[in-house]
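The primary structure of each chain is shown beneath.
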Amino acid sequence: MRRLFASKFRARETGVLPKKDVRDSNWADHPDNQKLARRAASDEDGEYSLVDSNRRCTDILFLLLLVCCWVAMTGVGLAATGVVPSAHIKKGDPRRLVNGMDYLGNLCGVTNYLTPSGEDTIDLPKAYPMPSGFSVCVAECPTETNKEEFICEYDGQHEIDTLFGSSEFVDVDEEDAKKSLYLFYASRKQCMPRVDSVGFLGYCIPKVNELLLDSASDDNSTATASNETDADTPSDTESSISVSIARMASSSSSEFYDKAVADAMTVRYVIFGFGCGFALLLGILFLVVIQLPGILSLMVWLMVFAIDAGLVAAGYHSKILSTEWAANGIRTGNEARALFYASHVLYALAGLWLVTIFFLRKRIVLAVNCVREAAKAVASMPVITVFPVVQVLGLVAFTVVWGVFMAYLASSGEIVASCMCPAVDENATLSTLAETVASNDGVCEDGCLVHKELVYAQNTKYAGLYLLFSWFWTSQFIVAVGQLVVALSISRWYFSRNKKIVNNGTFFRSFGLVVFYHLGTAAFGSLIIAVVKTVRAVLTYIQKKATKSKLKVAVVILSVLKCLLWCVEKVLKFVSKQAYIQTAIFGYPFCKASKMGFFLILRNALRISAVAVVTQVVLFIAKVFITVASAVAGYYYLEIHFVDELNSLMVPTLLIGLCAYAVSEMFNEVFGMAISTILQCFVVDEELFDADERFAPGSLAGTIDSTQQKYKKKKKVMVEGEATA
């Protein structure tokens, strides 16, 4: 490197180009890996024109492709909904996904099947469970429990209705005879008493209260203590039915959920206020606090040394514990030795951590300064912290439309009745209903359950994959737009002489610039990530099929490929993030921005590593601070004002904490992008401008001066060494 620098310097003085030395062919000599050419800064209105100059529409072709993707997705969705007739995609019906299936394989409320009693299952939308685990279709779920009334399978119900509708039982106590017949069918698990149920989607979910549980227990005890009778007597049958009912649900969980929902609805505004509004204010407060002199440095260095102390403490504890194991024979000798060696590994890691921190100490100082300046930039544009909410709303709006299309497409498959047998861990899919009936008089074998399985045509599978790809691309596009807006806002703040003029208006102008010029770049970057995600989804599908086929080698290979693609996805996201910052500063298209961002990372690898470590520390502290402080404040507020109105403070406090955690994640996304942008702006400022023309704020200006002095000193030594040689 010294020879290369000296030869280039001599060539600049003499005008003679040096001969290329093959030993100099490395990344450092790459023509794109050179520092930016210096230029003069001009600033007349207090805001530097670098960020706004030479900006033009970038990657417009990929924006058009994204629009075409949305149009094609809409076409597929309209075909699946039946709005647009299609010979390749069948019309779907979401009820086929959620409605239950009876013991004959009919979909309740969907299939036209005339029962022996003359009822059509299309008019019976709910599936009511039998003791056997099968279901029958009913018009509505029972609203009260009555063990004297039964719901039976179609044939049994028709037989009972036929018998008691004739004159055959005119001299018999009709009610007792009818109940005995019901109990007979119940003993064969073909009838079920009416149990108070809750309708969920297309199913009736029975509720069981404490009284019913006690009754079931008493009935069971009475039946056990009674004289020996036939196994199918009404007494034994009633007790077995009661036990079956008791096992179908748990009252404690139902009661807990009811109270939890009631508490959440009672204080829903408090949950939203503390979980969202107060958490956002805490985020702004955090930005203000870390700007105070010494606070941020203290936080970072305390965390750095806490990590080392934790490694040392873990090593010491492991060593003491291994000694006790060896002395007392608590564990085998091999386990004691392994723990002893582990203690020395922990000591080594602690030493390595200290050495690493020693060599990165100056870069950690730079990272702290970058975080501090990023906090100032975000604090000057508070509205930027709310922008993720807009992104979430946009994604939700798209997902609603996409979800409707996907539901119709997913329900367009051919429904096949299948037998699921958990006892033998097998799925015996029956190709036709006739085979199901032939297997065991209309039902599956004992221990198996009838369930629905949808079989899709090849075109439907391709359409589903395309819809999945569309969602991946759109979701990543929304993320990319947010990163571009934040990067452009922060870079405009950095390259402003008078930072007092930067406010929320700067953010809105940056948003307008991104929408007008750089949506194509966001579409390009998000497309690459969407392709990788789609390939991972395909591999997951193939892996699932291989697992069912018990192809262990294929499963392992697919797992490795998925892991590699996950790593590729992470790398692409990181490179794309740096590319968006380059686009924000210089207005580059995605490919050039990626290339420039890659070599910028290469030139400043240690700096970026240090900033990454410090950023993670700061963002972790911010996340914990926002989440815990919001939850604690909300708890005390509820205890003071709502303690008499709530069943428990636990659920509302937990919901406040979850909302605050979500807010902290969005806050960290913005703050992390701001820190990365400040670092790149710092490098650009350092390479482009002379000392008296730089835009670096006070804390960063000293770092640049120190770096430049070190660089000039090294340059002088290298030139003098070449001259003496």
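Residues numbered from 1 in each chain as written. Predicted model: local features only at pLDDT ≥ 70, side-chain atom pairs only at ≥ 80, totals over all residues. Heavy atoms only, no water.

A.B. asks: Mind showing me how you'd approach the overall build of the protein chain here?
C.D. replies: The number of helices and strands found in the protein chain is 22 helices and 9 strands. Split into buried and exposed, the 725 residues of the protein chain put 42% on the buried side. (Helix = DSSP H or I, 4+ residues; strand = E, 2+ residues; numbered from the N terminus. Buried < 20%, exposed > 50% of the residue type's maximum accessible area, 1.4 Å probe, protein only.)

A.B. asks: Help me understand the packing of helix H15 (residues 458-494) against helix H16 (residues 504-517) in this model?
C.D. replies: The axes of two packed helices give the description: the angle between them and the distance between them. With their axes 9 Å apart at the nearest point, H15 and H16 run at an angle of 130 degrees to one another. In this view, H15 runs oblique relative to H16, as classed from their interaxial angle. Our pair here, H15 against H16, has a crossing hand that is right-handed. Residue-level inspection shows Val-481, Leu-484, Val-485, Leu-488, Ser-489 and Arg-492 of H15 in contact with H16, the latter providing Thr-506, Phe-507, Arg-509, Ser-510, Phe-511, Leu-513 and Val-514. (Axes fitted to C-alpha atoms, helices over the stretch in contact; angles between N-to-C directions. Parallel < 35°, antiparallel > 145°, perpendicular 65-115°, else oblique. Left-handed = near helix turned anticlockwise from the far one by under 90°. Contact = heavy atoms within 4.5 Å.)

A.B. asks: For this particular structure, what's the right way to read the pattern of salt bridges?
C.D. replies: Side chains bearing opposite charge may pair, as long as their charged atoms lie close to each other. All told, the structure shown has 7 salt bridges when counted by the stated rule. One salt bridge connects Arg-194 with Glu-149, and the closest N-O pair in it is separated by 3.5 Å. Taken as a pair, Arg-194 in strand E4 (residues 191-194) and Glu-149 in strand E3 (residues 146-152) lie far apart in primary sequence, 45 residues in all. For Arg-194, a relative accessible area of 30% gives the class partly exposed. Glu-149 sits in the partly exposed class, given a relative accessible area of 40%. We note a salt bridge from Lys-573 to Glu-569, for which the minimum N-O separation is 3.3 Å. (Salt bridge = Lys/Arg side-chain N within 4 Å of Asp/Glu carboxyl O.)

A.B. asks: What am I meant to see in the state of the cysteines here?
C.D. replies: What is meant by a disulfide is a covalent connection between two cysteines, made through their sulfur atoms. What the rule picks out here adds up to 3 disulfides. Here Cys-108 connects covalently by a disulfide to Cys-137, the sulfurs 2.0 Å from one another. The chirality of the disulfide connecting Cys-108 with Cys-137 is left-handed, given an S-S dihedral of about -85 degrees. In this pair, Cys-108 is assigned in the loop between helix H3 (95-98) and strand E1 (126-129) and Cys-137 in strand E2 (residues 135-138), connecting sequence segments 29 residues apart. Neither Cys-108 nor Cys-137 differs from the other in exposure class; each is buried. Disulfide pairing is shown between Cys-152 and Cys-191; the S-S distance is 1.8 Å. Across the S-S bond linking Cys-152 and Cys-191, the dihedral sits near 115 degrees, which makes this disulfide right-handed. Of this pair, Cys-152 sits in strand E3 while Cys-191 sits in strand E4, and the two are 39 residues apart along the sequence. (Disulfide = S-S within 2.5 Å.)

A.B. asks: Help me understand the nonpolar core, please; the structure alone is not making it clear to me.
C.D. replies: Across soluble globular proteins, nonpolar side chains show a tendency to be buried alongside one another. Residues Ile-490, Tyr-494 and Phe-671 are the most contacted members of the largest nonpolar core, which totals 91 residues. Broken down by element, this core gets its largest block of residues, 15 residues, from helix H21 (residues 650-688). Leaving out residues up to four positions away in the same chain, Ile-490 has contacts with Ala-377, Val-378, Met-381, Ile-384, Ala-674, Thr-677 and Ile-678. By size, the runner-up hydrophobic cluster in this structure holds 17 residues, among which are Tyr-128, Val-136, Cys-137 and Tyr-154. (Core = buried A, V, L, I, M, F, W, Y, C linked by side-chain atoms within 4.5 Å.)

A.B. asks: What is the right way to read the pairing of E2 from this model?
C.D. replies: Where a strand is regular, its side chains alternate between the two sheet faces. Alternating positions in E2 separate into two faces, Ser-135 and Cys-137 on one and Val-136 and Val-138 on the other, with burial throughout. Examined bridge by bridge, E1 and E2 share 4 bridges and lie antiparallel to one another. Looking at the pairing, Pro-129 lines up with Ser-135 of E2. Between the end of E1 and the start of E2, which pair antiparallel, lie 5 residues, with Gly-133 showing a positive phi angle near 100 degrees. (Pairing = 2+ DSSP bridges.)

A.B. asks: Would you explain the confidence of the model for the protein chain in this entry?
C.D. replies: It should be kept in mind that the predicted coordinates are not to be read in detail where pLDDT is low. Taken over all residues, the pLDDT of the protein chain has a mean of 77, while the share at 70 or more is 75%. Here residues 243-252 scores under 50 on pLDDT; set against residues more than four positions off or in separate chains, the count is 20 contacts. Note that pLDDT drops below 50 for residues 423-443; the model gives that stretch 30 contacts with residues more than four away or on any other chain. (pLDDT = per-residue confidence, 0-100.)

A.B. asks: Honestly, the layout of surface pockets in this entry has me stumped. Any pointers?
C.D. replies: Over the atoms rolls a probe the size of a water molecule, and in doing so it shows where empty space is left. Estimates place the volume of the second largest pocket at around 1,100 Å³. In this structure, the second largest pocket is lined by 38 residues; those nearest its centre are Val-479, Gln-483, Lys-577, Glu-669 and Met-673. Put simply, the parts of the chain that give the lining of the second largest pocket at least two residues each are helix H13 (387-410), H15, helix H17 (519-548), helix H18 (552-586), helix H20 (605-641) and H21. If one sorts the elements of the lining of the second largest pocket by residue count, H21 sits on top with 10 residues. Its residues assigned to classes, the lining of the second largest pocket shows 19 nonpolar, 13 polar and 6 charged. (1 Å grid on protein atoms, 1.4 Å probe; cavity = no way out; pocket = protein on both sides within 12 Å on 5 of 7 lines; lining within 4 Å. Points joined across faces, edges and corners; volume = space filled by probe spheres on them. Nonpolar A, V, L, I, M, F, W, Y, C, P; charged D, E, K, R; others polar.)

A.B. asks: Where do I start with a nonpolar patch on the surface in this structure?
C.D. replies: A cluster of nonpolar side chains, Val-553, Val-556, Ile-557, Val-560, Leu-561 and Leu-564, forms an exposed patch at the surface whose accessible area comes to about 540 Å². For Leu-564, the position within the fold is in helix H18. (Patch = residues over 30% accessible without salt bridge, like charges linked within 9 Å, V, L, I, M, F, W, Y side chains within 5 Å. Areas by Shrake-Rupley, 256 points an atom, 1.4 Å probe, with all protein chains shown as cover.)

A.B. asks: Would you take a moment to explain unusual backbone geometry for this structure?
C.D. replies: Note: most residues except glycine have negative phi, and most peptide bonds are trans. Not every positive phi belongs to a glycine, and Asp-59 is a case in point at roughly 55 degrees. Locating Asp-59 in the fold gives a position in the loop between helix H1 (2-14) and helix H2 (60-81). Given a relative accessible area of 15%, Asp-59 falls into the buried group. Non-glycine residue Lys-550 carries a positive phi angle of around 60 degrees. Inspection of the secondary structure puts Lys-550 in the loop between H17 and H18. Judged by relative accessible area, Lys-550 falls into the exposed class, the value being 71%.

A.B. asks: Looking at this structure, how should I read the packing of aromatic side chains?
C.D. replies: Aromatic ring pairs are reported here in terms of the distance separating the ring centres and the angle at which the planes meet. Under the defined criterion, the tally for this structure stands at 29 aromatic pairs. Geometrically, the ring pair formed by Trp-70 and Phe-477 is edge-to-face, given 6.2 Å between the ring centres and 75 degrees between the ring planes. Linking Trp-70 in helix H2 with Phe-477 in helix H15, this pair joins segments that are 407 residues apart in sequence. On the basis of an interplanar angle of 75 degrees and a centroid distance of 5.5 Å, the ring pair of Phe-495 and Phe-695 is categorised as edge-to-face. Placement of Phe-495 in the loop between H15 and H16 and of Phe-695 in the loop between H21 and helix H22 (698-724) is noted, with a sequence separation of 200 residues between them. As far as burial versus exposure is concerned, Phe-495 and Phe-695 are alike and both buried. Among the aromatic residues, ring-to-ring pairing joins Phe-62, Phe-524, Tyr-580 and Phe-590 into one connected group. Here the basic side chain of Arg-497 rests over the ring of Phe-695, its NZ or CZ set 3.7 Å away from the ring centre. (Phe/Tyr/Trp six-rings, centres within 6.5 Å; stacked < 30°, edge-to-face > 60°. Lys NZ or Arg CZ within 6 Å of the ring centre and 35° of its normal.)

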